[in-house]
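Residue-level listing of the chains:
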Amino acid sequence: MATTDRQATTLALAHALSAAERGLAVIPLSRTKLPALRSPHRDDPAAPPCHGECGRFGHGVYDAATDPSRIRELFAAAPWATGYGIACGLPPHHLIGIDLDTKSGTNSSAALRELALRHLFTIPDTVVVLTPSGGRHLWLSGPPDVVVPNSAGRLAPGIDIRGAGGYLVGPGSRTEHGEYVTAPGTAHLAPAACPPALLRILLPPPRTHHPTPPSTGDHGQGLVQFVLAAHEGQRNTRLFWAACRAYEDGIGPALVDPLVDAALNTGLSEREARATIASAARMTGHRP
């Protein structure tokens, strides 16, 4: 069994390196399809969100790499890995995964055809990965200036979307239920461009704008602008700092929604933003 696992790890690494040559950023996965490396912050529930700024492995898709030496380091740190994940939303492909599931008992392929007829789009020839349960993953390429969120069943039952912050199990991976393989005739293809009509329904409806409440004054607006000016790698840090200042100055509760909206504009998810603000509230002695 140990020899079999070592062979699976060796094969997974080889497939991961091959994917990286095509510009796809990868991470090692365990047999459960989860990231093989656990978070280094798992024993500290009060730790602020970290996307790898600490320099250690174990941050899921934020560990994803195309550099062969780093990929080998990731797999060396996870010798039990039997598969690899491909991070979505990253350049150059800005990958979007259409996950057509069969476990829900619905015909997800038929549901996708109905969506295509209703919204007038056609799925182009693209990479298709067959899953052990009989499902399919369709790989599409998105535009660089659009962030497609992850969703489960929002378009139709059995259709999940893997977008920014998500990952797809790469072909050649072995899991508890079997192997992921590329569908015949699609391995040589590059991810096809997502049809504009499909892209429109993959994006969430516009959020209601929450202007900064007048009661927060110029200081509150300044904190919001501070978050809006964040670049990748400093978004959580700026949001955490601004939320701490807001709670310390007594305007924290009134500034939660404007800070969340500002964080969403920088690329954070709503869940990440609210978790960071809640951490700031606890840090300053307030109830989130």
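Preceding this paragraph is the structure being described.
Analysis parameters
- Residues numbered from 1 in each chain as written.
- Predicted model: local features only at pLDDT ≥ 70, side-chain atom pairs only at ≥ 80, totals over all residues.
- Heavy atoms only, no water.
- Pairing = 2+ DSSP bridges.
- Helix = DSSP H or I, 4+ residues; strand = E, 2+ residues; numbered from the N terminus.
- Axes fitted to C-alpha atoms, helices over the stretch in contact; angles between N-to-C directions.
- 1 Å grid on protein atoms, 1.4 Å probe; cavity = no way out; pocket = protein on both sides within 12 Å on 5 of 7 lines; lining within 4 Å.
- Points joined across faces, edges and corners; volume = space filled by probe spheres on them.
- Nonpolar A, V, L, I, M, F, W, Y, C, P; charged D, E, K, R; others polar.
- Parallel < 35°, antiparallel > 145°, perpendicular 65-115°, else oblique.
- Left-handed = near helix turned anticlockwise from the far one by under 90°.
- Contact = heavy atoms within 4.5 Å.

Novice: A description of the sheet that holds strand β8 (residues 167–169) should follow, citing residues and the corresponding values.
Specialist: Across the sheet, which stays open at both edges, the three strands sit in the order β1-β2-β8 with antiparallel pairing between neighbours. If you trace the sheet from one side to the other, it starts and ends with β1 (26–29) and β8, each paired once. Between one strand axis and the next, the sheet turns by 35 degrees as a mean value, whatever way the strands run. The pairing of strand β2 (residues 83–87) with β8 spans three bridges and is classified as antiparallel.

Novice: For empty space enclosed by the protein, give the residues involved together with the corresponding values.
Specialist: Using the criterion set out here, one finds two cavities of 30 Å³ or more in the structure. Here the largest cavity is characterised by a volume of approximately 40 Å³. Surrounding the largest cavity, Ile27, Pro28, Pro35, Ala36, Leu37, Gly60, Asp63 and Leu74 form its lining. Per-class residue counts for the lining of the largest cavity are six nonpolar, one polar and one charged. Of the pockets and cavities examined, the second largest cavity occupies roughly 30 Å³. Residue lining of the second largest cavity: Gly23, Leu24, Ala25, Ile86, Ala87, Leu90, His93 and Leu95, and that is the complete set.

Novice: Give a description of the packing of helix α6 (residues 235–248) against helix α7 (residues 252–266) that names residues and reports values.
Specialist: Packed helices, taken two at a time, are described by the angle between their axes plus the distance between the axes. Between α6 and α7, whose axes approach to 10 Å, the crossing angle comes to 165 degrees. Here α7 runs roughly antiparallel to α6, going by the angle between their axes. For the element pair α6 and α7, the recorded crossing hand is right-handed. Facing α6, whose interface residues are Arg235, Leu239, Ala242, Ala243, Ala246 and Tyr247, α7 presents Gly252, Pro253, Leu255, Val256, Leu259, Ala263 and Thr266.

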